[in-house]
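Listed here are the chains, written in short residue letters.
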Amino acid sequence: MSEMITADLVDLDLSADSKEAAARALAERMVALGRVTDLDGFLADVAAREAQMPTGLDGGIGIPHCRSEHVTEPTLAFGRSAAGIDFGAADGPADLIFLIAAPAGADDAHLTILSSLARQLMNAEFTDALRSAADAGAAAALIRGEEPDGTGGVPEGIEDSVDSVAVPAAASAGAATGSPDVGPEEGPEEGSRNGPDDGPRNGPDDGPAERGRPFRVVAVTSCPTGIAHTYMAAESLEKAGREAGVEVVVETQGSAGFTRLDPAVIEAADGVIFAHDVPVRDKDRFAGKPTVDTGVKAAINRPGELIDEVRGKAARGEVTAAGAAGAAGTDGASGTTPVERGGKPGEGYGTKLRVWLMSGVSYMVPFVAAGGLLIALGFAIGGYEINKAPSVMDHFVWSQADSWAALLFQVGGVAFAFLVPVLAGYIAYGMADRPGLVPGFVGGSIALTVNAGFLGGLAAGLISGAVVMAIQRVRIPAALRGIMPVVVIPLISSAVVGFLMFVVIGKPIASAQKAMTDWLSGLSGANAVLLGALLGLMMCFDLGGPVNKVAYAFATAGIAVADPSDSAMKIMAAVMAAGMVPPLAMALATTVRGKLFNAAERENGKAAWVLGASFISEGAIPFAAADPLRVIPSSMVGGALTGALSMAFGATLRAPHGGIFVVPLIGNPLLYLVAIAAGVCVTTALVIVLKGLRKPAPGAVAQGPGGTDPSAPSPEAKQPVAA
């Protein structure tokens, strides 16, 4: 394995004036050494990671990093800026910039070394030594943990710190699950990070109430990439713990896997800190303890405050509900369900509501797709009278096509019957985690019983989640915590939800559902065309995002019945047609005017043919991310046209998915294809015209992928399509 950083990967006079320019300057050094194969593609991956969360850290450090298929081997480049570069840190610009590049399939040993470096950045003596390094070779040697040539060795005080950067790969290979943690050279605190070697010291006999021993905290850190922030947060918490006289044991859930903390260590802990920007895995293990839940950068920048906060909660007796992983503490301030953890800290109620609803829809969609396609195949084989066939349990002839058609139809009907319960159950899950599943499914089933349908499922899910969250706020004796998730929460929440759905809100919602169904059934003429255009706009606005999902859920709700109306099937056809337009249009545009697109976009265009034909709107996301102001409006115009034409042509569809592969199941299939082709052509033409008017673009293409900086707009561009 070649060295991860050499003098050629160090720039002690980095003159870049922006984080994009700094990343490009350092990445060009990686390209020159053959460590990166596609400069533009790699920078796009760096920009995408930066869009998730700024990589600037207090203390003048910037750590842009990513995992990318354009990286051949784990590589680190270092730049030192005299003027400083803004990487989004609260305390100002960064003068030490580390560009970390990991291959998409980097092995554990490589990632261990990268994560070890990330931990050393929390050591002020290490960073001071880098600021005073006289030449590139000395800086590279210091980062590798070697004695710089021509100096007196590694500066005193940081020798132990940098040693861990150069720990042999075998140190991590010995971890049973590929833990990224480093070996015993890091001392007792480091060795205890993942618990197994620390059992005697933190065993169950050392209960939390025992006097005469330090306060004990277990923590979990994780970030989207799992390379840098994860380990820097761990180091920062451990250092703050040592200064405060608190025992801190950290489980780092990084890219190279993780080793679970010993259950005895968790049991003996007095408090828990979750510092994460991606969901914490197996969070149930930490339930029933005082918990602080925050973003990973908070652990890096203010670890002492987090430790004080968890100690305060312990003193007040504030704990999470046993068995309810992720349930908010008694203060209810932190959004801690698995779904909420996918968002950003400080999100408002409206954003959380959207995420909860999308949780239910995302779990419902596979049932819609499987059930809808099976029903559609049943109709295709046996005709539209197949819904009157007897049960296949009573009558099934192996050699008759009608029997097979009836089987497909009836299996699809069973799958469809789960739609509303699954929707309600997983909305509640998004709000309250697993305790929300039981009342959510019960409420969803009641919604079907009282004919409240899709709207009833939405209401049942939200009510179930709210009821469970309210129960979890109640402080209960420790002796009863064990039966809460198994008996008490399911019992009380199901009873409350059942009462509300049967007696209070079920009938009004059923009336509203019937009114909506009647309205859809009565749509005709201009009203239907306008609705098709509106749904087309929604499908193409964010390409698989929440607005797209709302339109799709509206359409599938209409056909999620045994005998959908003609208007409902027209709406489903319009929605699928419009959703196919953006990726097909991008594929066509890259084919007819390839010079307007860079090499990566032209490659994505080839895949977009298949994605668009399969009704996967997300195939256009790479194009929208790179150029949202041209691609998204163009897609919306084409999608609106297709939706309107599909409704005007009277095309119908019983299957909720499938793209061109279910054309035989479509009413008026030829006109349906005409509607799709019209939208694709309009979007393609608009994209080509708008990109052609952009003056820098032709020159950039003439220079090749390196002639422009497509990564620069990526952070802003990714938000509208992935929100």
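What this report covers is the structure whose coordinates are included nearby. (Residues numbered from 1 in each chain as written. Predicted model: local features only at pLDDT ≥ 70, side-chain atom pairs only at ≥ 80, totals over all residues. Heavy atoms only, no water.)

This part is about the packing of helix H20 (residues 525-541) against helix H25 (residues 628-649). Running from N to C, H20 and H25 cross one another at 145°; their axes reach a closest spacing of 7 Å. Relative to H25, the crossing made by H20 is right-handed. Counted together, Ala528, Val529, Gly532, Ala533, Gly536, Leu537, Cys540 and Phe541 of H20 and Ile632, Ser635, Met636, Gly639, Ala640, Gly643, Ala644, Met647 and Ala648 of H25 form the full contact between these two elements. Looking at side-chain class alone, the contact of H20 with H25 contains twelve nonpolar, five polar and no charged residues. (Axes fitted to C-alpha atoms, helices over the stretch in contact; angles between N-to-C directions. Helix = DSSP H or I, 4+ residues; strand = E, 2+ residues; numbered from the N terminus. Left-handed = near helix turned anticlockwise from the far one by under 90°. Contact = heavy atoms within 4.5 Å. Nonpolar A, V, L, I, M, F, W, Y, C, P; charged D, E, K, R; others polar.)

The final tally for this structure, using the stated rule, is 17 salt bridges. The closest approach of N and O atoms between glutamate 73 and arginine 35, which form a salt bridge, is 3.7 Å. Remark: arginine 35 occurs in the loop between helix H1 (19-32) and helix H2 (39-52) and glutamate 73 occurs in the loop between strand S4 (65-68) and strand S5 (75-85); sequence separation between them is 38 residues. Taking relative accessible area as the criterion, glutamate 73 reaches 23% and is therefore assigned partly exposed. Assessed through its relative accessible area of 6%, arginine 35 is described here as buried. Its salt-bridge partner being aspartate 128, residue arginine 131 comes within 3.8 Å of it at the nearest N-O pair. Remark: aspartate 128 and arginine 131 occur in helix H4 (residues 124-132); sequence separation between them is three residues, near one turn of the helix. Under the relative-accessibility criterion, arginine 131 is labelled partly exposed at 29%. Taken together, the shared-partner salt bridges in this structure form one network comprising Asp95, Asp128 and Arg131. (Salt bridge = Lys/Arg side-chain N within 4 Å of Asp/Glu carboxyl O. Buried < 20%, exposed > 50% of the residue type's maximum accessible area, 1.4 Å probe, protein only.)

Phi at asparagine 451 takes a positive value of approximately 65°, unusual for a residue other than glycine. One can find asparagine 451 in the loop between helix H17 (437-449) and helix H18 (453-473). Since its relative accessible area comes to 58%, asparagine 451 is described here as exposed.

In the structure shown here, the tally under the stated rule is twelve aromatic pairs. Seen in terms of ring centroids, tyrosine 426 and tyrosine 429 are 5.6 Å apart; in terms of plane orientation they differ by 70°. Their pairing is edge-to-face. Here the residue tyrosine 426 and the residue tyrosine 429 both occupy positions in helix H16 (residues 419-432), the gap between them amounting to three residues, near one helical turn. Chaining the aromatic ring pairs together yields one cluster made of Tyr363, Tyr426, Tyr429 and Phe441. (Phe/Tyr/Trp six-rings, centres within 6.5 Å; stacked < 30°, edge-to-face > 60°.)

Counting 69 residues, the largest nonpolar core has Tyr552, Val575, Met576, Leu653 and Tyr672 as its most contacted members. With 16 residues, the top contributor of residues to this core is helix H22 (residues 566-592). The residues contacting methionine 576, other than those within four sequence positions of it, are Phe615, Leu653, His657, Gly658, Gly659, Val662, Ile666 and Tyr672. Within the second largest apolar cluster, 67 residues are counted, among which are Val36, Leu39, Phe87 and Val248. (Core = buried A, V, L, I, M, F, W, Y, C linked by side-chain atoms within 4.5 Å.)

Here we take up H22. With 27 residues, H22 ought to run about 39 Å at 1.5 Å a step, and its terminal C-alpha atoms sit 38 Å apart, in line with that. Maximum bend of H22: about 30°, positioned at valine 581, with proline proline 582 one to four residues after it. Across the 27 residues that make up H22, a large majority, 22, are buried. (Expected span 1.5 Å × (residues − 1). Bend = angle between axes of the 7 residues up to and from the residue.)

This part covers H2. The α-helix advances 3.6 residues per turn, and as a result positions three or four apart in sequence lie on the same side. Taking 1.5 Å of rise per residue, 14 residues should cover 20 Å, and H2 covers 20 Å from first to last C-alpha, within 8% of that figure. When you tally the buried positions in H2, you get eleven out of 14 residues, the bulk of the element. Restricting attention to buried positions, one finds in H2 the residues Leu39, Asp40, Gly41, Phe42, Leu43, Val46, Ala47, Ala48, Arg49, Glu50 and Ala51. Two to three positions downstream of the cap, the backbone nitrogen of aspartate 40 sits 3.2 Å from a side-chain oxygen, assigning the N-cap of H2 to aspartate 38. (Polar contact = N/O pair within 3.5 Å; in protein donor to acceptor, adjacent residues only side chain to side chain.)

Function-wise, these values are silent; they only describe arrangement.
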